[in-house]
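Residues per chain are reported as follows:
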Amino acid sequence: MIKIDIVSGFLGAGKTTYINNMLKELRDEKIVLIENEFGDVSIDADLIKGVRIEEISSGCICCVLKENFTTTLEELIEHDIDRIIIEPTGISTLSQILSSFTQKISARCQINSIITIVDAKNFLDQMETFGGFFTDQITNARDIYLSKMDRVDEETLSEVRRSITQLNSTAVIEDMSGISAISFIGYQMSPDRLKEVLDSLVSGRYGRILRGKGFLGNHTFNIVNDEYELATREERENKLTLIGNLDKEKIRELIGG
Ligand SMILES: Nc1nc2c(ncn2[C@@H]2O[C@H](COP(=O)(O)OP(=O)(O)OP(=O)(O)O)[C@@H](O)[C@H]2O)c(=O)[nH]1
């Protein structure tokens, strides 16, 4: 299956910056980047190096250029590639892009990630003015990355996080430095399996876990770096939160959420 990663986000949010970082991690793969520009002049394609780039310009792939987009994808999947990264314009609606995947595309590809980059510095102002795009980009994302964290204070950051969570309570929100959190509510496993899972989590094979806390039935556990403690208490709702440089895909597989 060809992996598809969609990296959306408002104008200037940091999509190209994120994709360039992502490409550094994926040197061994055959990748095609679909770059969608609203204007005629391609700028982003010049900023990205080392991969094949398909440009679709003069409009958004979510509306006027939707057919071009679908045709481009259908042609691409005939080739020997591992991954397609899609960078829509900043004013694209993510729901429309997701609805462009025809049966032919879905049969050959698997959506690996649906990311929205949120500019922490400008988000609250832009949200007031351009709410529609944001709402769609945020509600349809699986992962939300905050950029420009270096340019905001803690209070603004909390407000940005609160506002995003109101629109999408299930997306993982993380900063571009790679420290993120992942939570599971109502997950199920046996106490024996829980011990195996905790051993795996602290092994380093699932990323670097800085902190973890959770409950499973009458068990409670704490993870700090590469150690964990497991104790028995009164019955609670099954919950688990992990914070760190996480390999979320593998963690989701491990926990089964
Ligand atoms: N201070 C700061 N600047 C950032 C950060 N991320 C991106 N930028 C800057 O923000 C500007 C826009 O970043 P891009 O990655 O080009 O954003 P984009 O979403 O691809 O922009 P468009 O394609 O025009 O919509 C650039 O000058 C980046 O260097 C960040 O975390 N902190």
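Bear in mind that the values here come from a model prediction, so they are computed numbers and not experimental data.

Undergrad: Help me understand the overall build of the protein chain, please; the structure alone is not making it clear to me.
TA: A tally of regular secondary structure across the protein chain gives 10 helices and 12 strands. Whereas a compact globule of 257 residues would reach a radius of gyration of roughly 18 Å, the protein chain reaches 20 Å, a difference of no more than 12%. Considered along the principal axes of its C-alpha atoms, the protein chain spans approximately 60 × 45 × 30 Å. A total of 257 residues make up the protein chain; the buried ones form 48% of that total.

Undergrad: I tried to follow the domain arrangement of the protein chain on my own but got confused; where do I start?
TA: Many descriptions give the size of an interface as the accessible area lost when the pieces come together. Domain annotation of the protein chain identifies domain 1 (2–175) and domain 2 (180–255). Between the C-alpha centres of domain 1 and domain 2 the distance comes to 30 Å. On the domain 2 side, the residues contacting the 6 residues of domain 1 number 6 residues. When domain 1 packs against domain 2, the two sides together hide about 430 Å² of surface, and 37% of this comes from carbon and sulfur. On the domain 1 side of the interface with domain 2, the three residues burying the most area are Asn112, Val172 and Glu174, jointly 69% of the side's total. Connecting domain 1 to domain 2 are 3 salt bridges. With a shortest N-O distance of 2.7 Å, Glu174 and Lys248 are connected by a salt bridge. Between the two partners, domain 1 and domain 2, sit 2 residue pairs in polar contact (both at pLDDT 80 or more).

Undergrad: Mind showing me how you'd approach the packing of aromatic side chains here?
TA: The geometry of two aromatic rings is summed up by the distance between their centres and the angle between their planes. The final tally for this structure, using the stated rule, is 6 aromatic pairs. Centre to centre, the rings of Phe10 and Phe130 are 5.0 Å apart; their planes meet at 35°, and the pair counts as tilted. Here Phe130 lies in the loop between α6 (123–129) and α7 (131–139) and Phe10 lies in the loop between β1 (2–9) and α1 (15–25), a separation of 120 residues in the sequence. For Phe10, a relative accessible area of 5% gives the class buried. On the numbers, 5.0 Å between centres and 40° between planes, the contact of Tyr18 with Tyr145 is tilted. Within this pair, whereas Tyr18 is found in helix α1, its partner Tyr145 is found in strand β6 (residues 143–147), the two being separated by 127 residues in sequence. Ring pairing ties together the aromatic residues Phe10, Phe123, Phe130, Phe133 and Phe134, which thus form one cluster. Positioned above the aromatic ring of Phe215 is the side chain of Arg236, whose terminal nitrogen or guanidinium carbon lies 4.2 Å from the ring centre.

What counts as what
Residues numbered from 1 in each chain as written. Predicted model: local features only at pLDDT ≥ 70, side-chain atom pairs only at ≥ 80, totals over all residues. Heavy atoms only, no water. Helix = DSSP H or I, 4+ residues; strand = E, 2+ residues; numbered from the N terminus. Rg over C-alpha atoms; globule rule 2.2 N^0.38 Å. Buried < 20%, exposed > 50% of the residue type's maximum accessible area, 1.4 Å probe, protein only. Domains from an automatic or database assignment. Contact = heavy atoms within 4.5 Å. Buried area = accessible area lost by both parts, 1.4 Å probe. Salt bridge = Lys/Arg side-chain N within 4 Å of Asp/Glu carboxyl O. Polar contact = N/O pair within 3.5 Å; in protein donor to acceptor, adjacent residues only side chain to side chain. Phe/Tyr/Trp six-rings, centres within 6.5 Å; stacked < 30°, edge-to-face > 60°. Lys NZ or Arg CZ within 6 Å of the ring centre and 35° of its normal.

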